[in-house]
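Per-entry structural report
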Amino acid sequence: MIRRLAALLVAALFLGLAATGPAQAAGYRYWSFWDRDGDSWVYATEGPSTARPADGAVQGFRFAVSEDSQDASQPRGAASFEAICARTPARDGMKRVALVVDFGTPSDAPSGETPPAARTACARVHQGATTAEALAATTKPLRYDTNALLCAIAGYPKSGCGDQVTTGGDEASAEPSASSAASADDDGGPSVGVYAGGALIAALAAAAVWQARRRGNV
């Protein structure tokens, strides 16, 4: 009986510590880059600063929260080169690249920001131009970090770059809300999990002592 109670004490201790552990990473908030292959989007195998699309290519960008390329959200809406570039005539020595820019949903937006409506653009650039150059010709301002990671298209988002998004429950959030921050950090005190775990441990300890005394009196 004593051994069983000791095991329960250890389990309760771990449960109390788990309740106070850090939130787990849910993914990253960033711009993903896509190539159009027929009627489907394919995650690009290289970044826009090195990709050199051919004339007639369709490429897309999507701002969203995802863990990696396996669960990344694709650009939404129509993606036809003929439709996007219908009003941009061909020119000798130049190429045309159709771009689809999807700013994502409000749930993926950084705190305090609202995603603009998705847009398309036809970039007419020199034959050797990269996708980044095509993007710069049509959707300025762009923002990059020191590692050349694309952080913002057309000024969105205003800040942040590939920020990690964490969650303490089912919904992801880049920053704690005012209420959750107040309950966790205002006084620097222990959380409810600590109190609950402590109470359970105390109750089990009292039971162990009672059982030991009872055996001693038998």
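Fair warning: this is a prediction, and the values are worked out from it, not measured in the lab.

Moving on: the nonpolar core. W31, F61, L99, L135 and I153 are the most contacted members of the largest nonpolar core, which has 19 residues in total. Of all elements in the fold, only β1 (24-37), β3 (57-66), β4 (94-102), β5 (119-126) and α3 (131-138) reach the threshold of two or more residues within this core. It is β4 that provides the largest number of residues to this core, a total of three residues. Counting 12 residues, the second-largest nonpolar core is a separate cluster that includes Y30, W34, F81 and V100.

The next point concerns the confidence of the model for the protein chain. For the protein chain, the average pLDDT comes to 77, and 65% of its residues sit at 70 or higher. The low-confidence segment residues 5-21 (pLDDT under 50) makes 17 contacts with residues lying over four places distant or belonging to another chain. Across residues 168-207 the pLDDT falls below 50, and counting only partners more than four positions away or on other chains, this stretch makes 30 contacts in the model.

This next bit is on α3. Those residues of α3 not exposed but buried are T131, A132, A134 and L135. The buried residues of α3 occupy one face: seen down the axis, they fall within an arc of 160 degrees.

A few words on the side chain of S32. The residue S32 is located in strand β1 in this model. Using a relative accessible area of 3% as the deciding quantity, one classes S32 as buried. Of the polar contacts made by the side chain of S32, one reaches the side chain of W34; its length is 2.8 Å.

With the rule as written, the count across this model stands at two disulfides. Disulfide partner of C85: C122, at an S-S distance of 2.1 Å. Looking down the S-S bond of the C85 and C122 bridge, the torsion is 100 degrees, so its handedness is right-handed. Pair noted here: C85 is in the loop between α2 (81-84) and β4 and C122 is in strand β5, with a separation of 37 residues, a long-range link. Of the two residues, C85 and C122, both sit in the buried class. Bridging C151 to C161, the disulfide has an S-S length of 2.0 Å. The chirality of the disulfide connecting C151 with C161 is left-handed, given an S-S dihedral of about -75 degrees. Taken as a pair, C151 in strand β7 (residues 150-152) and C161 in the loop between β7 and β8 (163-167) lie far apart in primary sequence, 10 residues in all. Counting its disulfide-bonded cysteines in sequence order, the protein chain shows a connectivity of 1-2, 3-4.

Conventions and cut-offs
Residues numbered from 1 in each chain as written. Predicted model: local features only at pLDDT ≥ 70, side-chain atom pairs only at ≥ 80, totals over all residues. Heavy atoms only, no water. Core = buried A, V, L, I, M, F, W, Y, C linked by side-chain atoms within 4.5 Å. Buried < 20%, exposed > 50% of the residue type's maximum accessible area, 1.4 Å probe, protein only. Helix = DSSP H or I, 4+ residues; strand = E, 2+ residues; numbered from the N terminus. pLDDT = per-residue confidence, 0-100. Contact = heavy atoms within 4.5 Å. Arc of directions from axis to C-beta. Polar contact = N/O pair within 3.5 Å; in protein donor to acceptor, adjacent residues only side chain to side chain. Disulfide = S-S within 2.5 Å.

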